[in-house]
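As a plain string of letters, each chain reads:
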Amino acid sequence: MKAALLGGIFLLEVALLAAAGFWGFTLDAGWPVRLLAGLGAPLILALVWGLFCSPRATVPLPAAAKLGVQATCFLTGGTLLALTGHLPAGAALVLLWAGTRTLLTRAGTPV
């Protein structure tokens, strides 16, 4: 069960990056802006995740702070999906992350 939940979290992290890229590439702007946003938004989220949230994070945080950064990343991804007109998908991204994270915490997996 724990391995399936960890795999689910990983897939949600990939979906988070895809959502940010989708938002950027669907902006109503010229192609240079879309290219910059479509590549830049996922890059920024990946940098934040790598610095603060990954198992080998460069900047170790207390569990509560790490959970806050993770929640902020997923809320950002959900909001970006909602801004593209895909509100149910954005809400699903956030709710699936919150549910999976809750189950992992109850299973004794640290944040």
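Refer to the structure presented above.
So, how was this worked out
Residues numbered from 1 in each chain as written. Predicted model: local features only at pLDDT ≥ 70, side-chain atom pairs only at ≥ 80, totals over all residues. Heavy atoms only, no water. Core = buried A, V, L, I, M, F, W, Y, C linked by side-chain atoms within 4.5 Å. Buried < 20%, exposed > 50% of the residue type's maximum accessible area, 1.4 Å probe, protein only. Helix = DSSP H or I, 4+ residues; strand = E, 2+ residues; numbered from the N terminus. Contact = heavy atoms within 4.5 Å. 1 Å grid on protein atoms, 1.4 Å probe; cavity = no way out; pocket = protein on both sides within 12 Å on 5 of 7 lines; lining within 4 Å. Points joined across faces, edges and corners; volume = space filled by probe spheres on them. Nonpolar A, V, L, I, M, F, W, Y, C, P; charged D, E, K, R; others polar.

1. Notes on the nonpolar core
Then step 1. Core analysis: the largest hydrophobic core is formed by 17 residues, its most contacted members being L16, F74 and L93.
Then step 2. Secondary-structure elements contributing two or more residues to this core are α1 (2-25), α2 (31-53), α3 (63-83) and α4 (87-106).
Then step 3. In this structure L16 touches L45, C73, F74, G77 and L93, once residues within four positions along its chain are discounted.

2. Observations concerning the side chain of S54
Then step 1. Residue placement: S54 occurs in the loop between α2 and α3.
Then step 2. Taking relative accessible area as the criterion, S54 reaches 16% and is therefore assigned buried.
Then step 3. Among residues more than four places away in sequence, those in contact with S54 are W49 and K66.

3. A closer look at the layout of surface pockets
Then step 1. Of the volumes computed, that of the largest pocket is approximately 270 Å³.
Then step 2. As for the largest pocket, its lining consists of 16 residues, and the residues nearest its centre are I9, E13, C53, P55 and R101.
Then step 3. Contributing elements (two or more residues each) for the lining of the largest pocket: α1, α2, α3 and α4.
Then step 4. A total of 4 residues in the lining of the largest pocket trace back to one element, the largest contributor, which is α1.
Then step 5. Residue classes in the lining of the largest pocket are distributed as 10 nonpolar, 3 polar and 3 charged.

In short, geometric facts, not functional conclusions.
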